[in-house]
Amino acid sequence: MSSKTDNVEGTVAEYVTAMIGGQLFGLPISRVQDVFMPERVTRVPLSSREIAGVLNLRGRIVTVIDMRARLGLPKNDDGKPPMAVGVDLRGESYGLLIDQIGEVLRLADESREENPVNLDPRMTKLAGGVHRLDGQLMVVLDVDRVLEIQPDMMAA
């Protein structure tokens, strides 16, 4: 599956949208393996708070990243179970915990902008640009940056 297609107007990118802490995010569809509801997440002793734990997903061990913690947001207390977006990096499987999954959007590459200077610094370090939608800003998540868990963050 390709994340970019050519049309008459130019190149179009496809994003899987997700809500995290009331903010709309887009993940390049080429990086998304699956979407699932995580069950039985096992906490990893001495891991950072960003690592929610690990789980078994169809025979693969998946490291679950709490995106609220990764973005410096408080825990979700609305009582709804979190969703997860499965991604892959260098042969390792990860699940990104999100509040809610959205739809797939096809957006023209030329409408993508650099990170605005007033974007929250916690988002800026994980963002690969933004798209301005009708009354809403969609932050494009850079999956590689999201999965860069620094050694100093690994200390509990």
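Within each chain, residues carry numbers counting from 1 in the order of the written sequence. Local features in this predicted model are restricted to residues whose pLDDT is 70 or higher, and side-chain atom pairs enter the listing and the counts only when it is 80 or higher, whereas totals over whole chains, interfaces and linings include all residues. Side-chain metrics rest on all non-hydrogen atoms present in the structure, leaving aside hydrogens and water.

Colleague: Would you mind going over the pattern of salt bridges in detail, with residue names and values included?
Modeller: One side-chain nitrogen of Lys or Arg within 4 Å of one carboxyl oxygen of Asp or Glu is enough to make a salt bridge. Applying the stated criterion across every chain, the model contains seven salt bridges. One salt bridge in this structure joins Asp-144 and Arg-31, with 3.1 Å as the shortest N-O distance. Of the two residues, Asp-144 is situated in helix 3 (residues 143-146) and Arg-31 in the loop between strand 3 (23-28) and strand 4 (32-36); the sequence distance between them amounts to 113 residues. A salt bridge links Arg-70 to Glu-50; the shortest N-O distance between them is 3.6 Å. With Arg-70 in helix 1 (residues 67-70) and Glu-50 in the loop between strand 4 and strand 5 (51-57), this residue pair connects regions lying 20 residues apart in the sequence. Exposure classes here rest on a 1.4 Å probe applied to the protein chains alone. A residue is buried below 20% of its type maximum, exposed above 50%, and partly exposed in between. Accessibility expressed as a relative area gives 3% for Arg-70, which makes it buried. By relative accessible area, Glu-50 is classed as buried at 9%. Put simply, DSSP marks the helices as runs of H or I at least four residues long and the strands as runs of E at least two long, and each gets a number from the N terminus on.

Colleague: An account of the nonpolar core is needed here, citing residue identities and associated values.
Modeller: By size, the foremost hydrophobic cluster in this structure holds 30 residues, and its most contacted members are Leu-27, Ile-65, Met-67, Val-87, Leu-96 and Leu-147. Elements represented by at least two residues in this core include exactly strand 2 (11-20), strand 3, strand 7 (83-89), strand 8 (92-98), strand 11 (127-133), strand 12 (136-141) and helix 3. Among the elements that take part in this core, strand 7 stands out by supplying four residues, more than any other. If sequence neighbours within four positions are ignored, Leu-96 has contacts with Leu-27, Ile-65, Met-67, Met-83, Ala-84, Val-85, Val-87, Val-146 and Leu-147. Only buried Ala, Val, Leu, Ile, Met, Phe, Trp, Tyr and Cys residues count toward a nonpolar core, and they belong to the same one when joined by side-chain atoms within 4.5 Å. By the convention used here, residues are in contact when the closest approach between their heavy atoms is within 4.5 Å.

Colleague: Which residues make up the layout of surface pockets, and what are the values?
Modeller: Points on a 1 Å grid over protein atoms alone make up a cavity when a 1.4 Å probe fits among them but cannot get out, and a pocket when they form an open set with protein on both sides within 12 Å along at least five of seven lines; lining residues each have an atom within 4 Å of a point. Grid points are joined across faces, edges and corners, and a volume is the space filled by probe spheres set on the points. Here the largest pocket defines a volume of roughly 340 Å³. Considering the residues around the largest pocket, the lining is formed by 19 residues, among which Ala-52, Asp-66, Lys-75, Pro-82 and Leu-97 are closest to the centre. Residues of the lining of the largest pocket, tallied by class, amount to eleven nonpolar, one polar and seven charged. Asp, Glu, Lys and Arg are counted as charged, while Ala, Val, Leu, Ile, Met, Phe, Trp, Tyr, Cys and Pro are counted as nonpolar; the rest, among them Gly, fall into the polar class.

Colleague: Quick one: what's the story with the pairing of strand 8, residue by residue and with numbers?
Modeller: In terms of burial, strand 8 is largely enclosed, as six of its seven residues are buried. Two strands qualify as a pair provided DSSP detects at least 2 bridges between them. By the bridge criterion, five bridges tie strand 6 (residues 60-66) to strand 8 in an arrangement that is parallel. Bridge pairing in strand 8 links Asp-66 to Leu-97. Of the strand pairs in this sheet, strand 7 and strand 8 are connected by seven bridges, and their pairing is antiparallel. Residue pairing for strand 8: Gly-86 is matched across the bridge by Gly-95. Once strand 7 ends, the chain turns through two residues before running back antiparallel as strand 8, passing Arg-90 with a positive phi of about 50 degrees.

Colleague: Tell me about the sheet that holds strand 5, and please be specific about residues and values.
Modeller: As summarised here, the arrangement of the five strands in space is 4-7-8-6-5, forming an open sheet in which the pairing is mixed. With one partner strand each, in any of the chains shown, strand 4 and strand 5 form the two edges of the open sheet. Strand after strand, the sheet turns through a mean of 30 degrees between neighbouring axes, direction not considered. Each axis is a line fitted through C-alpha atoms, taken for helices only over the stretch in contact, and angles between the N-to-C directions span 0 to 180 degrees.

Colleague: Describe the environment of Gln-23, and please don't skip the residues or the numbers.
Modeller: Looking at the element boundaries, Gln-23 is found in strand 3. When its relative accessible area of 18% is taken as the criterion, Gln-23 is described as buried. Between the C-alpha atom of Gln-23 and that of Asp-99, which follows or precedes it by 76 residues, the distance is 9.9 Å. Those residues within four positions of Gln-23 in sequence are excluded, and the remaining contacts are Ala-18, Met-123, Leu-137 and Val-139. Here a polar contact means two N or O atoms within 3.5 Å. Within protein one must be a hydrogen donor candidate and the other an acceptor candidate, and residues neighboring in sequence count only if both atoms are side-chain atoms. A distance of 2.7 Å separates a polar atom in the side chain of Gln-23 from the backbone oxygen of Leu-137.

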